[in-house]
Amino acid sequence: FKFKSSHKERITTFFKPFTPLAHYQELVDEIRDNLINGRYDTADNLSATLIELSLQGLAYFQKYDWTFLMGIITGGYAGWIIALFVFVVNHYTTYGSNSSFNRPPPRLISSSISNGNLTMLLTGTVLFSILLAERSPFMYFLYALFPVLFWGWIIDNGHVLGRVILATIVQAAG
């Protein structure tokens, strides 16, 4: 536990310690005092408590990055689903690229970079900088890459999605 805790504290930007063992050294000293004074049953009970807390602490650090990773993975899956929907609509329906009212949205900065590419560049830079600063494993970079790519593509082709939503509203209204 001590190794895992000090490792995470060293590499994580916003570290949150496992609070039940924040003062573990006091518990270790109490166990040592009980052993020296011959109170073996008390030392045994305190040792069992320390072992249980250490196992809980290891489980805590095992799941430490899960919220971040699940957010990235969920964003990737949602992006993949929406990107597939936009692709199918764009290529296989009357709302797609052959539509008479097919106009991509205006670009924010210049004609040389699209809104989606700008979004991918900024989001990717921030996300990968955080991952680099925290010395994350290589797989985290791959997990983060796909949502950035999918959502950048969706932003570039979102006008198709807007046409489908608008047509659905018009059709529902009547």
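Conventions adopted
- Residue positions are given per chain, counted from 1 along the sequence in the order it is written.
- At least 70 in pLDDT is required for a residue's local features to be given in this predicted model, at least 80 for side-chain atom pairs to be given and counted, and no such filter applies to totals for whole chains, interfaces and linings, which use all residues.
- Side-chain metrics rest on all non-hydrogen atoms present in the structure, leaving aside hydrogens and water.
- Here the axes come from fitting lines to C-alpha atoms, over the contacting stretch only for helices, and the angles between their N-to-C directions go from 0 to 180 degrees.
- Strands are runs of DSSP state E lasting at least two residues, helices are runs of H or I lasting at least four, and both sets are numbered from the N terminus onward.
- For any helix crossing, the convention is left-handed if the near helix is rotated counterclockwise from the far helix by under a right angle, and right-handed if that rotation is clockwise.
- Only Asp, Glu, Lys and Arg are considered charged in this grouping, and only Ala, Val, Leu, Ile, Met, Phe, Trp, Tyr, Cys and Pro are considered nonpolar; every other residue, Gly among them, is considered polar.
- The patch calculation keeps residues exceeding 30% relative accessible area without a salt bridge and links them within 9 Å when they carry like charges or within 5 Å when they are nonpolar (Val, Leu, Ile, Met, Phe, Trp, Tyr).
- Computed with the Shrake-Rupley method and a 1.4 Å probe, the accessible areas treat only the protein chains shown as cover for residues.
- Between Lys or Arg on one side and Asp or Glu on the other, a salt bridge is scored when a side-chain nitrogen of the former is within 4 Å of a carboxyl oxygen of the latter.
- The buried label goes to any residue with under 20% of its type's maximum accessible area, the exposed label to any with over 50%, and the partly exposed label to all in between, with areas taken from a 1.4 Å probe on protein chains only.
- One fewer than the residue count of a helix, multiplied by 1.5 Å, yields its expected span.
- Contacts are residue-level and defined by heavy atoms, with any inter-residue pair within 4.5 Å sufficient.

**Focus: the packing of helix α4 (residues 66–92) against helix α6 (residues 138–173)**
- Contact geometry of α4 with α6 gives a least axis separation of 7 Å together with a crossing angle of 35°. The chirality of how α4 crosses α6 is left-handed.
- Broken down by class, the residue content of the contact of α4 with α6 amounts to 21 nonpolar, 5 polar and no charged.

**Regarding the environment of V89**
- Mapped onto the elements of the fold, V89 is located in helix α4.
- Residues V89 and V160, 71 residues apart in the sequence, show an inter-C-alpha distance of 7.3 Å.

**Thoughts on a nonpolar patch on the surface**
- On the surface, F138, M139, L142, Y143, F146 and L149 cluster together to form a nonpolar patch covering roughly 560 Å² of accessible area.
- Take F138: it is sitting in helix α6.
- Using a relative accessible area of 59% as the deciding quantity, one classes F138 as exposed.

**With respect to α4**
- If you check α4, its first and last C-alpha atoms are 38 Å apart, about what 27 residues at 1.5 Å a residue would give, namely 39 Å.
- Of the residues making up α4, those classed as buried are L69, I72, G75, G76, G79, A83, V86, V89 and N90.
- Contacts from the buried residues of α4 go to α5 (115–133) and α6.

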